[in-house]
Amino acid sequence: MIYLRRDSSETKRKILTVCVRLFLEQGYKNTSVSQIVEEAGVARGSYLNLFPTKEKILLELVEAMFSGQFSVARSIADRNLPPVYAYAVETAIQITLTELNEHLRDIYIEAYSLPETSEYIYLHTTYELKQIFGKNFPDYDDSDFYEMEIGTAGLMRGYMARKCDIHFPLERKLRRFLVAEMRVYQVPETEQEKVLAFIQSLDIKAIATDVMYKLFAMLEMTFDFKLSKDS
């Protein structure tokens, strides 16, 4: 039994290494099960025993990506500022990442769409929302913020999916999204304008680019692979 567990663990490691690399290099949708098992050098049956669906692998990636999602934002937004500033920075970074890299857009959209990954995002974000906006809803409990997150996550997915162009540049997209989110969470309009001005003062593309390369480096280390230079 010990050897079986060891073999299973090694097979899982091989699959995850290949999958995460392929998802980042060519996108989630463009990665087939046949390609995964061939590059990982594992039997299709072994793959299906460990990961009955491709979504199970995506969940592992999403958990790694979201594990420290608010840490960068908190380092940018001064501690003396209200927590809504960190929320605005974090969500602005996420949306900007999808404009910098189409494979990340694919991963995020699928993560916000599929049942298991979206549920992970709802649960993971609910705690943060309660900490940030709890004072605006003194009678709300975790389930209330969970239900609100379902709606605001839908907003996030929609804005991520719509690519920027000359008619809808990034700055306009971020403003529209943030206003919609802050209205849901009843941020006063005077505070909304201050938050928007703060986001506009940042070089959000440069910040998101730095976050992207750090994310890639973390995933390379976590899942033991090297991305191609074209990624």
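None of the values given here were measured: they were computed from a predicted structure.

J.: I keep staring at the overall build of the chain and nothing clicks. Help me out?
T.: A tally of helices and strands in the chain yields 12 helices and zero strands. Counting from the amino terminus, helix and strand elements in the chain follow one another as α-α-α-α-α-α-α-α-α-α-α-α. The C-alpha radius of gyration of the chain comes to 19 Å, within 12% of the 17 Å expected for a compact globule of 231 residues. Dimensions of the chain, computed from the C-alpha atoms along their principal axes, are close to 60 × 40 × 30 Å. For the chain, the proportion of its 231 residues judged to be buried stands at 48%. Restricting to contacts in the chain with at least 6 residues of sequence separation, those with at least 24 account for 70%. Looking at the chain as shown, the accessible area adds up to about 12,200 Å², and 52% of this sits on carbon and sulfur atoms.

J.: In this structure, what is going on with the pattern of salt bridges? I would like to understand it.
T.: A pair can form between side chains of opposite charge whenever their charged atoms are brought close. Under the criterion given, the structure shown has 16 salt bridges. A salt bridge links Arg-13 to Asp-224; its shortest N-O distance comes to 3.6 Å. In this pair, Arg-13 is assigned in helix α1 (residues 2-26) and Asp-224 in the segment after α12 (204-223), connecting sequence segments 211 residues apart. You can call Arg-13 partly exposed: its relative accessible area is 37%. The exposure class assigned to Asp-224 is exposed, which follows from its relative accessible area of 52%.

J.: Help me understand helix α7 (residues 102-113), please; the structure alone is not making it clear to me.
T.: Within an α-helix, residues lying three or four positions from one another point in the same direction, as the helix has 3.6 residues per turn. Look at α7: 16 Å from first C-alpha to last across 12 residues, which is about the 16 Å you get at 1.5 Å a residue. Of all 12 residues in α7, nine are buried; the element is thus mostly enclosed. When α7 is considered as a whole, its buried residues turn out to be Leu-104, Arg-105, Asp-106, Ile-107, Tyr-108, Ile-109, Glu-110, Ala-111 and Tyr-112. Between the side-chain oxygen of the N-cap and the backbone nitrogen of His-103 there are 2.9 Å, and the N-cap of α7 in question is Asn-101.

J.: Teacher, can you tell me more about helix α8 (residues 115-133) here?
T.: Compared with an ideal rise of 1.5 Å per residue, which puts 19 residues at 27 Å, α8 spans 26 Å between its outermost C-alpha atoms and is within 8% of the ideal. Along α8, the largest kink reaches about 30° and is centred on Thr-126. Residues Thr-117, Ser-118, Tyr-120, Ile-121, Tyr-122, Thr-125, Thr-126, Glu-128, Leu-129, Ile-132 and Phe-133 constitute the buried set of α8. On the buried face of α8, the contacting elements are α4 (54-66), α5 (71-76), α6 (84-100), α7 and α9 (142-161).

J.: Honestly, the side chain of Lys-54 in this entry has me stumped. Any pointers?
T.: Assignment of secondary structure puts Lys-54 in helix α4. Here Lys-54 sits buried without a salt bridge, and the closest side chain of opposite charge, Asp-106, lies 7.4 Å off (N-O distance). Among the polar contacts made by the side chain of Lys-54, one reaches the main-chain carbonyl oxygen of Tyr-28 at a distance of 2.8 Å. A distance of 2.7 Å separates the side chain of Lys-54 from the backbone oxygen of Thr-31, its partner in a polar contact. Other than its neighbours up to four places away in sequence, Lys-54 contacts Phe-23, Tyr-28, Lys-29, Thr-31, Ile-36 and Tyr-47.

How each quantity is defined
- All chains use their own residue numbering, which begins from 1 and follows the written sequence.
- Whole-chain, interface and lining totals are the exception, using all residues; otherwise, since this is a predicted model, local features are given only for residues with pLDDT of at least 70 and side-chain atom pairs are given and counted only at 80 or more.
- Computation of side-chain values covers all heavy atoms of the structure but excludes hydrogens and water.
- Numbering of helices and strands starts at the N terminus; helices are DSSP runs of H or I of at least 4 residues and strands are runs of E of at least 2.
- Note on method: radius of gyration uses C-alpha positions; expected globular size equals 2.2 Å times residues raised to 0.38.
- Buried residues are those whose accessible area, probed at 1.4 Å on protein chains only, stays under 20% of the maximum for their type, while exposed residues exceed 50% and partly exposed ones sit between those limits.
- Contact criterion: two residues are considered in contact whenever any of their non-hydrogen atoms come within 4.5 Å of each other.
- All accessible areas in this document rest on Shrake-Rupley with a 1.4 Å probe, and a residue is counted as covered only by the protein chains that are shown.
- Any Lys or Arg side-chain nitrogen found within 4 Å of a carboxyl oxygen on Asp or Glu counts as a salt bridge.
- To estimate how far a helix should reach, multiply one less than its number of residues by 1.5 Å.
- Side-chain atoms alone can form a polar contact between residues adjacent in sequence; in general such a contact is a pair of N or O atoms within 3.5 Å, and within protein one must be able to donate a hydrogen while the other accepts it.
- The reported bend at a residue is simply the angle between two axes, fitted to the 7 residues ending at it and to the 7 residues beginning with it.
- His is not counted, nor are the chain ends, whereas Lys and Arg count as positive and Asp and Glu as negative.

Don't take any of this as a statement about function, it's just geometry.
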